[in-house]
Amino acid sequence: MQTSKNRQFILHQRPAGTPTTDDVVLEEHSLAPLAAGQVRVRNAYFSLDPAIRGWMDDTPSYLPPIELGTPVRSTTVGEVVESLDPDFQPGDKVVAMGAWEEFSTVPGAMLSKVQDDNRFPLHYYANILGAVGLTPYFGVMDAGKPKPGDTLLMSAAAGAVGSVGGQIAKLAGCRVVGLAGSDEKCDWIISELGFDAAINYKTCGLIADAIARACPAGVDIYFDNVGGEILDGALLNLNSGARIVFCGAISGYNSAEPVPGPYNWWQILARSVTVQGYLVSDYVDRFPEGIAQMGEWVEQGKIKFREEIVDGFENTFSAFLKLFDGSNAGKLILRL
Ligand SMILES: NC(=O)c1ccc[n+]([C@@H]2O[C@H](COP(=O)([O-])OP(=O)(O)OC[C@H]3O[C@@H](n4cnc5c(N)ncnc54)[C@H](OP(=O)(O)O)[C@@H]3O)[C@@H](O)[C@H]2O)c1
């Protein structure tokens, strides 16, 4: 290895609201020698995900909070440059639970290898062949239990997960309606992705009424990426026996105050609704199946996706903030 330096975005303090450059600071540190079982990865891409915001808080979650003084945790895709794990060799391409840093040093157990016969661009593993494809694949097909003719309502429908999830639901025979934050996004999901209808939730007036107009037969599956007012509007439009796939709640991630629960929660009882707290990592044993299926659909042109690749390691933090004002166009990726 040539370099002994590592630039890193360090979490200095826990954000109150939208993170700032006082919370996350770019620093340079020396690389420590590898310990037994560790692998050093030169990161090529970061998957910039809304979940990272949650890991910055000191609240119980499915992963421990990022420790103060350590780099910001992130899914990364890169190349092994040094290894003290016999299963990994320099030159291997890997997906890691790494961090916003040039080099991540991780136990081999936290890496997955990109197969040697991989036929896709490497950054697809931070996108459609990573959580972006796998989350909607298992979320729609398994948690959503779609039946032909069902109406599926998708929030953050022009985003990475939502745009792919809507197309998967179409493949399963559903009528698909999406909510997104601009007319351009609404046009895109209908004209390019084949959604049946779209709602601009910023201009539609009362969200519950707009959903009722767009879903005249009611909603059988609500795939929720957003929470908040949109969830409340969806709850008033569910059919008896509907399923909610609770995938995310981005509307509250930057809230400095406790987020109120849904006002219309009672409708879950009134309409015999099943709510599933859904985590893609629960499906880790089935990832090979999901990757194979997503790869096939992409090659067949059945799934389209858009990605916004921001260049330059130093732009990582500013790029991340695009997720929260909706200015990202599709999957947000940082190329180092
Ligand atoms: N459960 C899991 O295993 C899992 C895995 C991956 C991701 N997720 C969740 O999936 C959701 C989408 O993630 P993604 O990576 O695909 O991000 P994304 O949808 O590509 O980007 C986030 C989008 O959310 C929308 N948004 C932001 N603030 C909002 C608000 N206050 N109200 C309504 N919409 C808002 C914006 O689009 P608009 O312009 O339309 O507002 C923005 O573009 C997140 O909640 C994430 O945490 C869950």
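Remember, predicted model here, so these are calculated numbers, not experimental data. (Residues numbered from 1 in each chain as written. Predicted model: local features only at pLDDT ≥ 70, side-chain atom pairs only at ≥ 80, totals over all residues. Heavy atoms only, no water.)

Visitor: Account for the overall build of the protein, naming residues and giving values.
Guide: Along the backbone of the protein there are ten helices and 15 strands. Its C-alpha atoms give the protein a radius of gyration of 20 Å, near enough to 20 Å, the size a compact globule of 336 residues would have. For the protein, the spread of C-alpha atoms along the three principal axes comes to 60 × 45 × 35 Å. Here the contacts in the protein between residues at least 6 apart in sequence split such that 66% fall between residues at least 24 apart. (Helix = DSSP H or I, 4+ residues; strand = E, 2+ residues; numbered from the N terminus. Rg over C-alpha atoms; globule rule 2.2 N^0.38 Å. Contact = heavy atoms within 4.5 Å.)

Visitor: Describe in detail the site of the ligand, supporting the description with residues and values.
Guide: Surveying the vicinity of the ligand reveals 26 residues, the closest of which are Lys-185, Tyr-201, Asn-225, Tyr-278 and Asn-328. Between Tyr-253 and the ligand, the recorded distance is 2.8 Å, taken from a side-chain N or O atom to an oxygen atom. In this structure, Val-280 approaches the ligand through a main-chain N or O atom, which is 2.8 Å from an oxygen atom. Residue composition of the shell around the ligand, grouped by class: 16 nonpolar, nine polar and one charged. Both of domain 1 (5-127 + 306-335) and domain 2 (131-281) provide at least three residues apiece to the shell around the ligand. (Near = heavy atom within 4 Å. Polar contact = N/O pair within 3.5 Å; in protein donor to acceptor, adjacent residues only side chain to side chain. Nonpolar A, V, L, I, M, F, W, Y, C, P; charged D, E, K, R; others polar. Domains from an automatic or database assignment.)

Visitor: Got a sec to walk through the sheet that holds strand S11 (residues 219-224)? Specific residues and values, please.
Guide: The strand order across the open sheet built from six strands is S10-S9-S8-S11-S12-S13, with neighbouring strands paired in parallel fashion. Each having just a single partner strand, strand S10 (197-200) and strand S13 (274-277) make up the two edges of the open sheet. Ignoring which end each strand starts from, the neighbouring axes of this sheet average 15° apart. With respect to the sheet, helix H2 (residues 131-143) is in contact with strand S8 (151-154), S11, strand S12 (238-246) and S13, its orientation differing from that of S11 by roughly 155°. Sitting on the sheet, helix H4 (residues 183-191) is in contact with strand S9 (175-180) and S10, with an inclination near 170° to S10. (Pairing = 2+ DSSP bridges. Axes fitted to C-alpha atoms, helices over the stretch in contact; angles between N-to-C directions.)

Visitor: Could you give me a rundown of the packing of aromatic side chains, with the residues and numbers involved?
Guide: Counted by the stated rule, this structure contains 13 aromatic pairs. Ring geometry for Tyr-278 against Tyr-283: centres 5.8 Å apart, planes inclined by 50°, an arrangement best described as tilted. A relative accessible area of 5% places Tyr-278 in the buried class. For Tyr-283, a relative accessible area of 11% gives the class buried. In this arrangement the basic side chain of Arg-73 is found over the ring face of Trp-55, its NZ or CZ atom lying 5.2 Å from the centre. Across the ring face of Trp-188, the terminal group of Arg-306 is positioned such that the distance to the ring centre comes to 3.9 Å. (Phe/Tyr/Trp six-rings, centres within 6.5 Å; stacked < 30°, edge-to-face > 60°. Buried < 20%, exposed > 50% of the residue type's maximum accessible area, 1.4 Å probe, protein only. Lys NZ or Arg CZ within 6 Å of the ring centre and 35° of its normal.)

Visitor: Go over helix H8 (residues 287-299), please, and point to the residues and values.
Guide: In this model H8 runs 18 Å from its N-terminal to its C-terminal C-alpha over 13 residues, within 8% of the 18 Å that 1.5 Å per residue would give. Those residues of H8 lying buried are Gly-290, Met-294, Gly-295, Trp-297 and Val-298. On an axial view of H8, the arc spanned by its buried residues comes to 165°, and they lie on one face. Summarising the contacts, the buried residues of H8 are in contact with H2 and helix H3 (160-171). Phi for Gly-301, located one or two positions after H8, is positive at around 75°. (Expected span 1.5 Å × (residues − 1). Arc of directions from axis to C-beta.)

Visitor: I'd like a rundown of the UniProt feature "domain: Enoyl reductase (ER)" (unreviewed entry) in the protein, residues and numbers included.
Guide: When the UniProt feature table is mapped to this numbering, "domain: Enoyl reductase (ER)" (unreviewed entry) covers residues 20-334. Counted over residues 20-334, helix gives 26% and strand 27%. Its end C-alpha atoms are 18 Å apart. (UniProt positions renumbered as here; feature names shortened; annotations may be inferred.)

Visitor: Lay out the pattern of salt bridges with the relevant residues and their values.
Guide: Counted under the stated rule, the structure contains 16 salt bridges. Here Arg-306 ties to Glu-184 by a salt bridge, and the two come within 3.3 Å at their closest N and O atoms. Of this pair, Arg-306 sits in the loop between H8 and strand S14 (307-311) while Glu-184 sits in helix H4, placing them 122 residues apart in sequence. In this structure Glu-184 comes out as partly exposed when scored by relative accessible area, which is 46%. Through salt bridges with shared partners, one network takes in Arg-7, Glu-102 and Glu-314. (Salt bridge = Lys/Arg side-chain N within 4 Å of Asp/Glu carboxyl O.)

Visitor: Mind laying out the state of the cysteines, listing which residues take part and the relevant values?
Guide: Tallied over the entire structure, the rule returns zero disulfides. As a non-bridged cysteine, Cys-215 has Cys-204 as the owner of its nearest cysteine sulfur, 12 Å distant. Look at Cys-215 and you get buried, because its relative accessible area is 3%. Free cysteine Cys-247: the closest other cysteine sulfur is in Cys-174, separated by 16 Å. Classification of Cys-247 as partly exposed rests on a relative accessible area of 23%. (Disulfide = S-S within 2.5 Å.)

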